[in-house]
Amino acid sequence: MASVDECRQALQELAARLDRNAETVRERIDLDRTLACRITDLDTAFHGRISGGRLVELTDGDDPKAKIALSTSSDDLLALVRGDLDVTGAVASRRVSIKANPFDLMKLRKLL
């Protein structure tokens, strides 16, 4: 099981990667939504905002009103960020749960 600090670092790495790619995806993806990432085995959460192809305002704590909510284990979060776990396969196998409207899911898939 990964630690809270490892999960926080993984999300910061994802934010940095999205930031580097923001210029190329901004014109293709119009997505401005709040995001909550719930780590089920650590009983913790992080939240932020996806805006302009970037993950911004990332902080500790849950956002129950988030428009996009991702739930997963700490190890699966790290595997997702590293690219060792495919998002589509993880959702299909129920290792990851993403709650969002269908249009946001399509945009999110293109972003990741």
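Computed from a predicted structure; not experimentally measured.

When charged atoms on two side chains of opposite charge get close, those side chains can pair. Tallied over the entire structure, the rule returns eight salt bridges. Notably, a salt bridge pairs Arg 8 with Asp 5, separated by 2.4 Å at the nearest N-O pair. Residue Arg 8 and its partner Asp 5 are located together in helix α1 (residues 4-25), separated by three residues, close to a single helical turn. The partner of Arg 33 in a salt bridge is Asp 104, and the shortest N-O contact between them spans 2.8 Å. In this pair, Arg 33 is assigned in strand β1 (residues 32-39) and Asp 104 in helix α4 (residues 102-111), connecting sequence segments 71 residues apart. A relative accessible area of 25% means that Arg 33 is categorised as partly exposed. On the basis of relative accessible area, Asp 104 is assigned to the buried category, the value being 2%. One continuous salt-bridge network, built from bridges that share partners, spans Asp 5, Arg 8 and Asp 60.

Calculation notes
- Residues numbered from 1 in each chain as written.
- Predicted model: local features only at pLDDT ≥ 70, side-chain atom pairs only at ≥ 80, totals over all residues.
- Heavy atoms only, no water.
- Salt bridge = Lys/Arg side-chain N within 4 Å of Asp/Glu carboxyl O.
- Helix = DSSP H or I, 4+ residues; strand = E, 2+ residues; numbered from the N terminus.
- Buried < 20%, exposed > 50% of the residue type's maximum accessible area, 1.4 Å probe, protein only.

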